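So you can see what is in the structure, the chains are spelled out below.
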Amino acid sequence: IPVDPFDLVIFGGTGDLARRKILPGLFRRFCAGQMPPSARIVGAARTELDHAGYREMASEAIKEFGGTTAANSDKLNAFLDTVYYVAIDALGDDGWEELQELCKEKNRVEAYYFSVTPALFGDLAERLHYWGMAGPDSRIVVEKPFGRNLATAKNLNATLAAHFDEHQIYRIDHYLGKETVQNLMAVRFGNMLFEPLWNAQYVDHIQITVAETVGVGGRGEYYDKAGAMRDMVQNHLMQLLCLIAMEPPARFDPDAVRDEKLKVIRALDPVLPHHLMRGQYEADHSDEKAHPSYREAVEDPRSKTESFIALKTHISNWRWAGTPFYLRTGKRMSARSSEITVVFKETPHSIFGEDAGRHRNVLSIRLQPNEGITLGVTIKEPGPGGMRLIDVPLDMTFAEALGADSEHVDAYERLIMDVIRGNQTLFMRGDEVEAAWAWTDPIIHGWEERGEVPKPYESGTDGTTDSHELMRRDGRKWREVS
Ligand code: BG6
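Residues numbered from 1 in each chain as written. Predicted model: local features only at pLDDT ≥ 70, side-chain atom pairs only at ≥ 80, totals over all residues. Heavy atoms only, no water.

### Side note on the overall build of the protein
Okay, so step 1: The secondary structure content of the protein amounts to 14 helices and 15 strands.
Okay, so step 2: The globule rule puts the C-alpha radius of gyration for 482 residues at 23 Å, and the 24 Å found for the protein is close to it.
Okay, so step 3: Principal-axis analysis of the C-alpha atoms places the extent of the protein at approximately 80 × 50 × 50 Å.
Okay, so step 4: When each of the 482 residues of the protein is scored for burial, the buried share is 54%.
Okay, so step 5: Within the protein, residue pairs in contact and separated by at least 24 positions form 76% of the contacts whose partners lie at least 6 positions apart.
Okay, so step 6: If you sum the accessible surface of the protein, you get close to 21,700 Å²; carbon and sulfur atoms cover 52% of it.
Okay, so step 7: The average position of the 56 basic charges and that of the 73 acidic charges among the side chains of the protein differ by 4 Å. (Helix = DSSP H or I, 4+ residues; strand = E, 2+ residues; numbered from the N terminus. Rg over C-alpha atoms; globule rule 2.2 N^0.38 Å. Buried < 20%, exposed > 50% of the residue type's maximum accessible area, 1.4 Å probe, protein only. Contact = heavy atoms within 4.5 Å. Areas by Shrake-Rupley, 256 points an atom, 1.4 Å probe, with all protein chains shown as cover. Lys, Arg positive; Asp, Glu negative; His and termini not counted. Charge placed at Lys NZ, Arg CZ, Asp CG, Glu CD.)

Now the structure itself:
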């Protein structure tokens, strides 16, 4: 279904995110017929470029970052006709009149993507108002990092709130745009099967793993100030935790969903020091390419920033008291894999005797790659060998189950279309972000005060050895990263 005609201004339009995600994503939505040809995309940045120059850049970016296929490349020129550019000074007057002129047509959705450093959010917001480009229905889109602690997140929220209402602010966490993340809600709240078992009485523990094979690459300067806790746990893993643990919202609407997520974050226990493991990857010489160590990549031989983190926490409420939640994420791990695993308890009594073995149902929700949901079910081993039990997966790999008709939509393209539709369900509300920092801050202060240094781990493995110990001591183990 096509969205309404819109003007989308991308501040930071020449930047990495615009080139890798926003422009290719918009192109795919254009090809899918969802973006009306009368829509306008305006890149705005400091670089001196004209419309043609920007279209050239957009075209290159779309080709490079996977927007084009043999089937759609003939649509590229028509898409580029919707693309414009204004060289603009976020801190001065240059370019604003031109931008105002370009976006003067009324009765369209107006959206402003702040793909720039948060230090500029206030200036941009002020100028949008000064130049009469921000009305009560205009939308702004902001990216993480949304602050680096509670105080800075509060400041950012206050800066934005001075110019826009909460219903106009779209804080992106791109994990919420992933197909399986929404499927998680469909599975939980669209089936009778799972919800009655979704609590501490039946669930032994829950694991969330987001493993990456890439290192910090060229992002060392940003990453070394953030680390895995700020870069991944405070936002992406926290959002996954909320969706898996929240109470059923009364409706699938933005505030109903976000109210429930907020309650989860507020019920999270502090993380005890011995339930927290941090690591830094070592150099990898296993192939011809030289992969530097974390400290080499960030050019600081004494860096204390973690590229891997594993932790255990609890949610102190009626549903989850007593069920541990184990979270881990890291760079340069053995495989790229994001998975949520719900491990159910054993049956209270085995009627088959000890020889048959004891089994647990495991529900694994796989975000990437090979998105899908698998439920491990215990059955009898086929054959004449007596009553021996084995686990077989009930596999709902989406590509197979839904066939060729299931269209792959990247997280960003889905979220941008939601901005245009005015649907905030998959965006973080200001109080959610603050609550997430309120939980994160003391954990970070704790390790800083204790002067802890992350432990080294071998690249291509699944993190520090003590992260496995965290599980072993509880008689559990991490699901294999694959
Ligand atoms: C980003 C982080 O938000 O998410 C990156 O800043 C990380 O460090 C990325 O690599 C992971 O996203 P995805 O979609 O590739 O899992």
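That was the structure; now back to the text.
### Quick notes on a nonpolar patch on the surface
Okay, so step 1: On the surface, a nonpolar cluster with roughly 310 Å² of combined accessible area is contributed by Ile351, Phe352 and Met387.
Okay, so step 2: Within the fold, isoleucine 351 resides in the loop between strand 11 (337-344) and strand 12 (362-368).
Okay, so step 3: We classify isoleucine 351 as exposed; its relative accessible area is 67%. (Patch = residues over 30% accessible without salt bridge, like charges linked within 9 Å, V, L, I, M, F, W, Y side chains within 5 Å. Salt bridge = Lys/Arg side-chain N within 4 Å of Asp/Glu carboxyl O.)

### Notes on the UniProt feature "active site" (unreviewed entry) in the protein
Okay, so step 1: When the UniProt feature table is mapped onto this chain, "active site" (unreviewed entry) is found at His236.
Okay, so step 2: Tracing the backbone through its elements, the reader meets histidine 236 in helix 8 (residues 220-245).
Okay, so step 3: Assessed through its relative accessible area of 2%, histidine 236 is described here as buried. (UniProt positions renumbered as here; feature names shortened; annotations may be inferred.)

### Section: the site of the ligand
Okay, so step 1: Looking at the ligand, the residues that line it are Lys144, His174, Tyr175, Lys178, Glu212, Arg219, Asp231, Met232, His236, Lys331, Arg336 and Gln368.
Okay, so step 2: Measuring from an oxygen atom of the ligand, one finds a side-chain N or O atom of lysine 144 at 2.8 Å.
Okay, so step 3: Between the ligand and tyrosine 175, the relevant distance is 2.4 Å, taken from an oxygen atom to a side-chain nitrogen or oxygen of the residue.
Okay, so step 4: Coverage of the ligand by the protein amounts to 82% of the 400 Å² it exposes when considered alone.
Okay, so step 5: Among the elements that line the shell around the ligand, the one with the most residues is helix 8, at 3 residues. (Near = heavy atom within 4 Å. Polar contact = N/O pair within 3.5 Å; in protein donor to acceptor, adjacent residues only side chain to side chain.)

### Structural notes on the nonpolar core
Okay, so step 1: In terms of nonpolar packing, the biggest core is built from 142 residues, with Phe11, Leu26, Phe79, Leu99, Tyr113 and Ile244 touching the most fellow members.
Okay, so step 2: Among the elements that make up this core, the one with the highest residue count is helix 8 (13 residues).
Okay, so step 3: When residues are assigned to domains, this core turns out to be shared by domain 1 (6-143) and domain 2 (176-408 + 429-473), each giving three or more. (Core = buried A, V, L, I, M, F, W, Y, C linked by side-chain atoms within 4.5 Å. Domains from an automatic or database assignment.)

### Overview of the domain arrangement of the protein
Okay, so step 1: If you check the domain split of the protein, you get domain 1 (6-143) and domain 2 (176-408 + 429-473).
Okay, so step 2: Taking only C-alpha atoms, the centre of domain 1 and the centre of domain 2 are 34 Å apart.

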